Amino acid sequence: MPDESQLEHGQDCGNQQGKDAPRSPEPVIVMSHVWKYFGPLVALQDVNVAVQAKERIVIIGPSGSGKSTMLRAINRLETVDRGSIFINGTDITKCRDSELNHVRQNLGMVFQSFNLFPHKTVLHNLTMAPIKLLHMKKSDAEDRALALLKKVGISDKANVYPSMLSGGQQQRVAIARALAMQPSIMLFDEPTSALDPEMVGEVLDVMVNLAEDGMTMCCVTHEMGFARTVADRVIFMDHGQILEMDTPDRIFNSPRHPRLRQFLDQIL
Amino acid sequence: MAEEIKDPESKGNIVLVTEGPSIPSPEGRRIVSAWSIALFGAIATLFTLCAVWPEPYLDVVAFLPDGILTTFEVTALSICCAVPMGLITGLGRISRNTFINLTASTYVEIIRGIPLLVQIFYIYYALSKFLQVSSLTSAVVAISFCYGAYMGEVFRAGIHAIPKGQTEAARSLGFNRFQTMFYVILPQPWRTILPPVGNECIAMLKDTSLVSVMAMPDLMQRGRSFAAKTYLYFETYTIIALIYLIITLVLSKGVSIMESKLNYYDRKK
């Protein structure tokens, strides 16, 4: 488990609001002094974050700022060079592969490029992992899958192959696929960036619903409207560093860091 | 063998693993295509020869069926051994285990550097010093070892062509490396690698003519014995060539049909 000083450090980066809010004793995600290099490039510089259960974190920043790397480090799709990352108390930078697979079952991940399995129907995309990994009965897994497809609004597409769906539909299937494992945390890596503009809304709606259900969410996105309305905290990153971490209100209305002000000026 | 080309139509890289155009492309499905000209030309020539000069040609044709069966037998057995060997070699070549990787790579390097004819001689004659095997066994072993190495490269390229996102999606769901490979990655490259694997199998059928050096009574060997008896070299080898041509053309069409069947999940609405 992380010691207190690391947790303190995690909150140093500007979240005053967190101190008076009632706080559960154990954050579900803790990144402490995380460093990552891509050759000579520093991808993550001393990243410290603690995410509470049911918290919605949105990570923003210019491209190449390390947002995706940070998100991917949370389920070890990227390994880190220094520091620790605790998911529900398990240090995934040091745990064994079998433990890691277990942790990952609890971490839903949604990718920019959907990454649905093209050789499986939508229904099989959703039932495969629960059947093989949770050893669910086929009928139970299918019931759950159909319920999830209904939730994301595409129950009529259960038996088609992903290539026959639009981008927005594919991404909603991808969200449903991640939810089929009943994770307690969902990670979104620019889920709307590969979509045509008219399809962004349908995916964001699903994510807003998920947030309202109380899912712990970490989301890398360029959708500032989503960040404003859904996030509990917004993290602004640049050059692999967390420059500001605060409520959306403060991030968007009274940004302190000059780099953040510059970034917001460019995009808003 | 494997060349990577950028397809302007799609976002990702498409790895084209092919040795040549022996399998008709979907665009070639017209009445007049190189494939149909070759096939119907060959059949017409065969029938004309037999009809006009039945004296030597029909005799040659009548002499060959046993050989065709032997050719098919050697080819079928070799495919059954070479495809699994290729798959294992391909997996070995992408293995993160240094020992397995090095073993597979060395096997490929050695086999690819020795002509198949030499390998056949080696297994049938040189190794007979230690182990007596039948000519059929040595033929199948030699061809399987040789084509296993070539197919290993095809499988390796096919697996590599699966986007990295597929692995990441599977791993993020909690599948381990093994499960990811068998449930998610391996079911996918079949349609990419079927044409080159089919190509290899057809090349293999042609290369079985080499086993005639071990006195295997295959199509080529039957032709040779007929020619040796009758001195009708021109007539015999014309027929032999036509028969090989017809077989490979029909098989390549078969591969092409299977390929389109395997594309079921990529069809747009």
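For the structure, check the block above.
This structure is a prediction, so every number in the text was calculated from the model and none was measured.

Undergrad: Would you explain the packing of helix α2 (residues 54–63) of chain B against helix α10 (residues 219–230) of chain B in this entry?
TA: Helix-helix packing: each pair is described by the crossing angle between the helix axes and the interaxial distance. All names here are of chain B. In the contact formed by α2 and α10, the axes pass within 10 Å of each other and the chain directions differ by 140°. As summarised for this structure, α2 and α10 are arranged oblique, according to the angle between their axes. Here the hand of the crossing between α2 and α10 comes out right-handed. Together, D59, V60 and F63 of α2 and R222, S225, F226 and K229 of α10 make up the contact between the two elements. Its residues placed into classes, the contact of α2 with α10 shows 3 nonpolar, 1 polar and 3 charged.

Undergrad: Explain the interface of chain A and chain B here, please?
TA: At the junction of the two partners, chain A supplies 26 residues and chain B supplies 23 residues. Counting the surface chain A buries against chain B, the share from its top three residues, F117(A), H119(A) and S163(A), is 23%. For E168(B), the salt bridge goes to R72(A), with nearest N and O atoms at 2.6 Å. At the junction of chain A and chain B, the tally comes to 4 residue pairs in polar contact (both at pLDDT 80 or more). Residues belonging to the side of chain A that touches chain B are distributed by class as follows: 14 nonpolar, 6 polar and 6 charged.

Undergrad: So what exactly am I meant to see when it comes to the pairing of strand β3 (residues 56–60) of chain A here?
TA: All names here are of chain A. β3 sits mainly inside the fold: 4 of its 5 residues count as buried. Both β3 and strand β8 (residues 216–220) contribute to a ladder of 4 bridges, which runs parallel. Bridge pairing links I57 to C218 in β8. Where β3 meets strand β9 (residues 233–238), 4 bridges bridge the pair, whose relative direction is parallel.

Undergrad: Quick question: what am I supposed to make of the sheet that holds strand β4 (residues 82–87) of chain A here?
TA: Within a sheet, adjacent strands bond to each other through the backbone by hydrogen bonds, running parallel or antiparallel. All names here are of chain A. Judged by pairing direction, the sheet is antiparallel, and its 4 strands sit side by side in the order β2-β1-β4-β5 without closing on themselves. Each edge of the open sheet is held by one strand with a lone partner, namely β2 (41–51) and β5 (90–91). As paired elements, β4 and β5 share 2 bridges and run antiparallel to each other. Bridge pairing links I87 to T90 in β5.

Undergrad: Whenever I open this one, the packing of aromatic side chains confuses me. Can you help?
TA: Pairs of aromatic rings are described using the distance from one ring centre to the other and the angle between the two planes. Tallied over the entire structure, the rule returns 11 aromatic pairs over all chains. The interplanar angle of 50° and the centroid separation of 5.2 Å between the aromatic rings of F63(B) and F226(B) together place this pair among those described as tilted. In this pair, F63(B) is assigned in helix α2 and F226(B) in helix α10, connecting sequence segments 163 residues apart. Take F63(B) and F226(B): they sit in the same class, and that class is buried. Judged by centre distance (6.0 Å) and plane angle (65°), the rings of F175(B) and Y183(B) are edge-to-face. Assessed through its relative accessible area of 0%, F175(B) is described here as buried. Just above the ring of Y183(B) sits the side chain of K132(A); from NZ or CZ to the centre is 4.4 Å. The ring of F117(A) carries the charged tip of R177(A) above its face, separated from the ring centre by 4.4 Å.

Conventions used here
Residues numbered from 1 in each chain as written. Chains lettered and ligands numbered in written order. Predicted model: local features only at pLDDT ≥ 70, side-chain atom pairs only at ≥ 80, totals over all residues. Heavy atoms only, no water. Axes fitted to C-alpha atoms, helices over the stretch in contact; angles between N-to-C directions. Helix = DSSP H or I, 4+ residues; strand = E, 2+ residues; numbered from the N terminus. Parallel < 35°, antiparallel > 145°, perpendicular 65-115°, else oblique. Left-handed = near helix turned anticlockwise from the far one by under 90°. Contact = heavy atoms within 4.5 Å. Nonpolar A, V, L, I, M, F, W, Y, C, P; charged D, E, K, R; others polar. Buried area = accessible area lost by both parts, 1.4 Å probe. Salt bridge = Lys/Arg side-chain N within 4 Å of Asp/Glu carboxyl O. Polar contact = N/O pair within 3.5 Å; in protein donor to acceptor, adjacent residues only side chain to side chain. Buried < 20%, exposed > 50% of the residue type's maximum accessible area, 1.4 Å probe, protein only. Pairing = 2+ DSSP bridges. Phe/Tyr/Trp six-rings, centres within 6.5 Å; stacked < 30°, edge-to-face > 60°. Lys NZ or Arg CZ within 6 Å of the ring centre and 35° of its normal.

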